[in-house]
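Results of the structural survey
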Amino acid sequence: MRLMIKQRVFAWTDTYDIYDEYGNPKYFVKTEFFNIGHHMHIYDMYDQEIGVIHQEIFHLLPVFEVEIGGRTIGRIQRRLSLFTPRYDIEYHGWQVQGDLFGWDYDVYDGSYCIAHISKELFRWGDTYVIDIANPEDEILGLMLVLAIDAANCSNNSD
């Protein structure tokens, strides 16, 4: 299955629309405007919140907690590395392996590839494509990609 994440270009905060493989709206993301650090809410098309990603402050490198249903399900921290963005991911034993710019990476559970994420270049605003092997991993995969994007943005603005 495939999801496409498109950033809204003319918005006061980071706002994303997420579409299914047929171009139908499926989720949307709103970032709080008056907050220290990133604080993102993920909603389905019925305006029901499915998750929150928030940045912990007072860390040298970006650290994000991922919550679903009010429960913390994971933590993502950017690690210091020379050439390739690397992250410590503390849920489900998932690992992220990516290219030089972090725009083309895979998420693994052991040797099983859960998802492949790529960034479409030459688009107006950031556009990501997530190919997910198992539909049950859709929400976790989506939230992971959003948290990694927030970590990349946080690191670039420091």
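Residues numbered from 1 in each chain as written. Predicted model: local features only at pLDDT ≥ 70, side-chain atom pairs only at ≥ 80, totals over all residues. Heavy atoms only, no water.

Relative to the helices and strands, Arg 2 resides in strand S1 (residues 2-7). Beyond its immediate stretch of four places on either side in the chain, Arg 2 contacts Tyr 19, Asp 20, Glu 21, Val 129, Ile 130 and Asp 131. Among the polar contacts made by the side chain of Arg 2, one reaches the side chain of Asp 131 at a distance of 2.6 Å. (Helix = DSSP H or I, 4+ residues; strand = E, 2+ residues; numbered from the N terminus. Contact = heavy atoms within 4.5 Å. Polar contact = N/O pair within 3.5 Å; in protein donor to acceptor, adjacent residues only side chain to side chain.)

A few words now on the sheet that holds strand S2 (residues 15-20). Spatial ordering of the open sheet is given by S8-S7-S6-S5-S4-S3-S2-S1-S12-S11-S10-S9, a layout of 12 strands whose pairing is antiparallel. The open sheet has two edge strands, strand S8 (86-89) and strand S9 (94-98), and neither has a second partner. On average, each strand axis in the sheet is inclined to that of its neighbour by 20°, with strand direction left out of account. Alignment of strand S5 (residues 49-56) against strand S6 (residues 63-68), held across 5 bridges, turns out to be antiparallel. Its bridge partner being in S6, Glu 56 is matched across the sheet by Val 63. (Pairing = 2+ DSSP bridges. Axes fitted to C-alpha atoms, helices over the stretch in contact; angles between N-to-C directions.)

Time to look at a nonpolar patch on the surface. A surface patch of nonpolar side chains, about 400 Å² in accessible area, is lined by Ile 36, Ile 57 and Phe 58. Examined against the element boundaries, Phe 58 turns out to sit in the loop between S5 and S6. Given the relative accessible area of 82%, Phe 58 is considered exposed. (Patch = residues over 30% accessible without salt bridge, like charges linked within 9 Å, V, L, I, M, F, W, Y side chains within 5 Å. Areas by Shrake-Rupley, 256 points an atom, 1.4 Å probe, with all protein chains shown as cover. Salt bridge = Lys/Arg side-chain N within 4 Å of Asp/Glu carboxyl O. Buried < 20%, exposed > 50% of the residue type's maximum accessible area, 1.4 Å probe, protein only.)

For any two aromatic rings, the description comes down to two numbers: the centre-to-centre distance and the angle of the planes. Tallying each qualifying case throughout the model produces 2 aromatic pairs. Each ring, one from Tyr 91 and one from Trp 94, has its centre 5.5 Å from the other, and the planes form 50°; the classification is tilted. Residue placement shows Lys 6 over the ring face of Tyr 19; its charged tip is 5.6 Å from the ring centre. (Phe/Tyr/Trp six-rings, centres within 6.5 Å; stacked < 30°, edge-to-face > 60°. Lys NZ or Arg CZ within 6 Å of the ring centre and 35° of its normal.)

This next bit is on the pattern of salt bridges. Within this structure, the stated rule accounts for 5 salt bridges. Between Lys 26 and Glu 138 there is a salt bridge; the shortest N-O distance is 3.0 Å. Separated by 112 residues along the polypeptide, Lys 26 in strand S3 (residues 25-31) and Glu 138 in helix H1 (residues 138-157) bring together distant segments of the chain. Here Glu 138 falls in the buried class, since its relative accessible area comes to 7%. Of the charged contacts, one joins Arg 75 and Glu 56 as a salt bridge, the two residues approaching to 3.0 Å between their closest N and O atoms. In this pair, Arg 75 is assigned in strand S7 (residues 71-79) and Glu 56 in strand S5, connecting sequence segments 19 residues apart. The class for Arg 75 is partly exposed, based on a relative accessible area of 21%. Through salt bridges that share partners, Glu 56, Arg 75 and Glu 90 make up one connected network.

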